[in-house]
Amino acid sequence: MNEPIASPLKNTPSLYVVATPIGNLRDLPPRARDTLAAVDVVAAEDTRHSQKLLDAFGIRAKRLLAVHQHNEQQVAGQIIEWLTQGQHVALITDAGTPAISDPGARLVARVREAGYTVSPVPGACAAVAALSVAGIVEGGFRFIGFLPAKTQSRRTALMALAGERDALMFYEAPHRIKACVADMAEVFGGGREILIARELTKLHEEIAALPLAEAGAWFAAEANRVRGEFVLIVRGADMPDGVDVGALRVLGLLLDELPLRTAVRLAAEITGASRKGLYAHALRQSR
Ligand code: SAM
């Protein structure tokens, strides 16, 4: 166990990237609280939203400034100016860790380029919280974040990920959740497991691990299940030997039109992939 650091601020002017709760206010770590209270400026994605968080903890920010995706470059200049004057600045977003599907990455890069320290004050992150309960025993994971909103672009993005062996982590908005999961079932196959992590850390938190083929029924079983915030974690592809993503794509198209054995034989002839591998994959998909 390391010693707690007494002062929340460093000796030199710095930018602190501070994680805030993703639902449960008690998930704001003490160091985050101390840092927000001590800095000269808090740069926040939405100042009205963050003011409520600061009020809940009795923190009176010396200066609160809005930084969002449309003004990040411009604000970076202003923040570098304050750092030059010896001030300390904290960056927060509406919820979770800044720069993870949130504003912040450009600001961080600019501040570091300007030669100032950028220091993390870690805490909640929805993707990491979901991953921690996903039980991914083997292999890595890949954070994708939000998929494109339009159906065709989303399917194209999913197709490009179909052969990925690492688990895939997505964020999705409630109004697209059912369509998104249906597209995943179609592109990845119904046999692949998905973890649906809904409303993490909140009163109605729900976590379900099930095959993609059953996800539609899971949402239909309870009207409230399409509400709230979601992280989706999909198991990586179980790619058989001698088969690549291109071959699986051809196989998928043929399976839509032909009996399994014929589709496998043609896919192997067209792509040169292993017939045995394609057959094993087709059987898994059809379960
Ligand atoms: N930077 C944030 C983080 O570290 O998690 C993510 C910001 S992103 C704009 C917001 C998305 O994160 C939501 O649409 C949802 O997909 C996911 N999310 C945020 N809070 C969540 C929660 N409590 N439960 C499940 N998903 C959540």
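This section reports on the structure supplied with the text. (Residues numbered from 1 in each chain as written. Predicted model: local features only at pLDDT ≥ 70, side-chain atom pairs only at ≥ 80, totals over all residues. Heavy atoms only, no water.)

Details of the environment of Tyr279
Okay, so step 1: Mapped onto the secondary structure, Tyr279 falls in helix H11 (residues 275-286).
Okay, so step 2: Linking Tyr279 and Ala129, residues 150 residues apart in sequence, is a C-alpha distance of 37 Å.
Okay, so step 3: The contacts of Tyr279, once residues within four sequence positions are left out, are Leu260, Arg261 and Val264. (Helix = DSSP H or I, 4+ residues; strand = E, 2+ residues; numbered from the N terminus. Contact = heavy atoms within 4.5 Å.)

Comments concerning the pattern of salt bridges
Okay, so step 1: Scanning the entire structure with this criterion turns up eleven salt bridges.
Okay, so step 2: Its salt-bridge partner being Arg225, residue Glu206 comes within 2.8 Å of it at the nearest N-O pair. Residue Glu206 is found in strand S9 (residues 206-211), and its partner Arg225 is found in the loop between helix H8 (215-220) and strand S10 (230-234); the two are separated by 19 residues along the sequence.
Okay, so step 3: Measuring nitrogen to oxygen at the nearest pair gives 3.7 Å for the salt bridge that ties Arg265 to Glu269. One end of the pair is Arg265 and the other is Glu269, both in helix H10 (residues 260-271) and four residues apart, which spans about a single turn. (Salt bridge = Lys/Arg side-chain N within 4 Å of Asp/Glu carboxyl O.)

Things to note about the sheet that holds strand S5 (residues 117-121)
Okay, so step 1: The sheet built from five strands is open, its strands ordered S3-S2-S4-S1-S5 with parallel pairing. In this open sheet, the two edge strands, each paired with only one partner strand, are strand S3 (64-66) and S5. When strand polarity is set aside, the average angle formed by the axes of neighbouring strands in this sheet is 25°.
Okay, so step 2: Across the face of the sheet, helix H2 (residues 47-56) comes into contact with strand S2 (41-44), S3 and strand S4 (89-92) while running at roughly 150° to S3. (Pairing = 2+ DSSP bridges. Axes fitted to C-alpha atoms, helices over the stretch in contact; angles between N-to-C directions.)

Regarding the packing of helix H9 (residues 245-257) against H10
Okay, so step 1: In the contact formed by H9 and H10, the axes pass within 9 Å of each other and the chain directions differ by 145°. Handedness of the crossing formed by H9 with H10: right-handed. Here H9 contributes Ala247, Val250, Leu251, Leu254 and Leu255 to the contact with H10, which in turn contributes Leu260, Ala263, Val264, Leu266, Ala267, Ile270 and Thr271. (Left-handed = near helix turned anticlockwise from the far one by under 90°.)

What to know about the site of the ligand
Okay, so step 1: Taken together, 19 residues form the shell around the ligand, and within it Thr97, Ile100, Ala126, Leu200 and Phe230 come nearest.
Okay, so step 2: Residue Ile100 places a main-chain N or O atom 2.8 Å away from a nitrogen atom belonging to the ligand.
Okay, so step 3: Tyr171 places a side-chain nitrogen or oxygen 2.9 Å from an oxygen atom of the ligand.
Okay, so step 4: Surface burial for the ligand is 90%, taken as the share of its 570 Å² of free accessible area covered by protein chains.
Okay, so step 5: Elements that contribute at least two residues to the shell around the ligand include exactly strand S7 (167-172) and S10.
Okay, so step 6: Grouping the constituent residues of the shell around the ligand by class yields eleven nonpolar, three polar and five charged. (Near = heavy atom within 4 Å. Polar contact = N/O pair within 3.5 Å; in protein donor to acceptor, adjacent residues only side chain to side chain. Areas by Shrake-Rupley, 256 points an atom, 1.4 Å probe, with all protein chains shown as cover. Nonpolar A, V, L, I, M, F, W, Y, C, P; charged D, E, K, R; others polar.)

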